[in-house]
Amino acid sequence: MNDTVRVTLVFPRTLWEEIRRLIPPGERSRVIAQAAEREIRLRQRMESVERLRAFQQELRAKYGQLPDSSEDIRRMREERDAELTGVR
C-alpha cells in the first residue's frame, strides 16, 4: 500500500477551474504531487547554490582572489605534448 496522506489544499478559483478542465479525475492528485516535487527540487537546488555562494564568499574573505592559472596550465600542457611527441 502507498504511503500517502490526504490534505486539503486551497487554489485560486481560476487555477482550480483549469485543473478540472484539463486534468481528468483520478489523475489530479498525481499531477499536483509531481508539480510539488518539481518545485521542491528547484528550491533545494536554489538552496544549494546559495550555500555554495556563501562558501565562495567565505573562501574569498579568507584567502582573497587567487591569480588566474589558465596560462600556466596551457604552458604545462604544451610542455607535456612536446615531451610525448619528442618535439622541443
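Residues numbered from 1 in each chain as written. Predicted model: local features only at pLDDT ≥ 70, side-chain atom pairs only at ≥ 80, totals over all residues. Heavy atoms only, no water.

## Remarks on the overall build of the chain
Spelled out, the test is: Counting from the N terminus, the helices are the DSSP runs of H or I reaching at least four residues and the strands are the DSSP runs of E reaching at least two. Only protein chains enter the area calculation, which uses a 1.4 Å probe; residues under 20% of their type maximum are buried, those over 50% are exposed, and those in between are partly exposed.
The helix and strand tally for the chain stands at 3 helices and 0 strands. Across the chain, helices and strands are ordered from the amino to the carboxyl terminus as α-α-α. Along the first, second and third principal axes, the C-alpha set of the chain runs to 75 × 40 × 30 Å. Counting over 88 residues, the chain shows a buried share of 3%.

## Considering helix 3 (residues 70–85)
Note the cut-off: The length a helix should cover is 1.5 Å for every residue beyond the first.
Taking 1.5 Å per residue, 16 residues should reach 22 Å; helix 3 reaches 22 Å between its end C-alpha atoms and fits that length. With its phi angle positive at about 80°, Gly-86 sits one or two positions after the end of helix 3.

## Here's the deal with the environment of Arg-28
Selection criterion: Here, two residues are considered to be in contact whenever any of their heavy atoms come within 4.5 Å of each other. Two N or O atoms form a polar contact when they lie within 3.5 Å of each other; inside protein one atom must be a possible hydrogen donor and the other a possible acceptor, and for residues adjacent in sequence the pair counts only when both atoms belong to side chains.
Mapped onto the fold, Arg-28 is located in helix 2 (residues 28–63). In this structure, Arg-28 is in contact with Trp-16, Ile-19, Arg-20 and Ile-23, ignoring residues within four places of it in sequence. One polar contact links the side chain of Arg-28 to the main-chain carbonyl oxygen of Arg-20, over a distance of 3.2 Å.

## Some words on the confidence of the model for the chain
Operational definition: Residue-level confidence of the predictor, termed pLDDT, takes values from 0 up to 100.
Counting all residues, the mean pLDDT for the chain is 93, and 97% of those residues have values of 70 or more. Mean pLDDT values for the elements of the chain range from 92 in helix 3 up to 97 in helix 1 (residues 13–22).

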